[in-house]
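The lines below spell out each chain.
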Amino acid sequence: MIDRSLPRRVFNDFNIVVFILYCIVCLVPLIHILAISFSASASVSAGKVTVWPVDFTLKSYEYVIAKKEFWRGLRISGIRVVLGVAVNMLLTVLAAFPLSKTTREFKAKNVFIWFFIFTMLFSGGMIPTYMIVRYTGLLDSIWALIIPGAVPVFNVILLMNFFKAVPKELEESAFMDGAGYFTILWKICLPVSLPALATLTVFSMVGHWNAWFDGMIYMNDSRNYPLQTYLQSILVSTNVKLMTKAQAELLRLISDRTLKAAQVFIAAIPILLVYPFLQRYFVSGLTLGSVKE
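The structure reproduced in this document is the subject of the present report. This structure is a prediction, so every number in the text was calculated from the model and none was measured.

**A closer look at the packing of aromatic side chains**
All told, the structure shown has eleven aromatic pairs when counted by the stated rule. Considering the side-chain rings of Tyr 130 and Tyr 218, the 6.4 Å spacing of their centres and the 10° angle between planes classify their relative orientation as stacked. With a gap of 88 residues between them, Tyr 130 in helix α6 (residues 126-135) and Tyr 218 in helix α11 (residues 213-218) connect regions that are remote in the sequence. Note on Tyr 218: relative accessible area 6%, which makes it buried. Each ring, one from Trp 212 and one from Phe 213, has its centre 5.7 Å from the other, and the planes form 85°; the classification is edge-to-face. Feature note: the residues Phe 97, Phe 163, Phe 175 and Tyr 181 constitute an aromatic cluster, connected by ring pairs.

As structure tokens, then:
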């Protein structure tokens, strides 16, 4: 008798091997960068570091976190992420929900969709955007980092398409029970759209956390720099004259590569801590089985 389960086992084993190799390919560069951040400058320059630190040292991390500017930037970035994600998600939901309706329900739908798509294809440019931020009095404020990107159009389109996939029978039954559009949005669309909301939340968090250029152009005072802008400024404008003797000596013991590697992991830690709590929503389909025909 032919064992029909054999092809399935071979297929599963093949997939396991492929994904293990894929994980190794993804992890090895990260492990290499981590090893560099913990290695001595001379060992890194000599090319001795692979996946394990050589002449283990914490000098790079000491240099990055020993300054009060680091903690100030961390606080500003934390505030930016909290406010930015809240504003992004609120406006994304409020824009995506009406755009997911038919033209019979929302007659101006196509006009606004093309308006949003136009902003994706064409930008006013950096200088006009800076002038708007300047003349609205937002320079050197946390809102200069949030308001210009308050409505992420790509996220709006993604969530709009997800809302379209919500079974119409759910809305029709809610209308029959006397529910309005806001009730349907809050009680039906948002709960069944948790996978999409979690994904867009991560997109927004990563975008705000990793952004550094807007902090550079919108903040005249370096004390208002978010963390990424501060870390970037360390490499491009390190001024030895403004350092203490201990800081200058510490900088002499580290290299550009070890400093960059330390920054990569310091900047990635918050996202790495949050991602596991949202990962499960990426693979769950909450609309499956909600309506049976």
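Continuing now.
**Thoughts on the nonpolar core**
With 49 residues, the main nonpolar core has Phe 70, Leu 159, Phe 163, Ile 184, Leu 185, Tyr 230 and Leu 231 as its most contacted residues. Residues within four places of Phe 70 in sequence aside, it is in contact with Val 64, Ile 65, Leu 227, Tyr 230, Leu 231 and Ile 266.

**Section: helix α9 (residues 181-192)**
Taking 1.5 Å as the rise per residue, α9 with twelve residues should run 16 Å; its terminal C-alpha atoms sit 15 Å apart, in good agreement. Among all positions of α9, only Ile 184, Leu 185, Ile 188, Cys 189, Leu 190 and Val 192 are buried. For α9, the elements touching its buried residues are α4 (68-99), α7 (153-164), α8 (168-176) and α10 (194-210).

**Digging into the pattern of salt bridges**
Under the definition given, this model contains three salt bridges. Measuring nitrogen to oxygen at the nearest pair gives 2.7 Å for the salt bridge that ties Glu 171 to Lys 101. Taken as a pair, Glu 171 in helix α8 and Lys 101 in the loop between α4 and α5 (109-121) lie far apart in primary sequence, 70 residues in all. Note on accessibility: Glu 171 and Lys 101 belong to one class, buried. In this structure, the salt-bridge partner of Asp 221 is Arg 223, at a minimum N-O distance of 2.8 Å. With relative accessibility at 24%, the residue Asp 221 sits in the partly exposed group. For Arg 223, a relative accessible area of 52% puts it in the exposed group.

Cut-offs used in this document
- Residues numbered from 1 in each chain as written.
- Predicted model: local features only at pLDDT ≥ 70, side-chain atom pairs only at ≥ 80, totals over all residues.
- Heavy atoms only, no water.
- Phe/Tyr/Trp six-rings, centres within 6.5 Å; stacked < 30°, edge-to-face > 60°.
- Helix = DSSP H or I, 4+ residues; strand = E, 2+ residues; numbered from the N terminus.
- Buried < 20%, exposed > 50% of the residue type's maximum accessible area, 1.4 Å probe, protein only.
- Core = buried A, V, L, I, M, F, W, Y, C linked by side-chain atoms within 4.5 Å.
- Contact = heavy atoms within 4.5 Å.
- Expected span 1.5 Å × (residues − 1).
- Salt bridge = Lys/Arg side-chain N within 4 Å of Asp/Glu carboxyl O.

Function-wise, these values are silent; they only describe arrangement.
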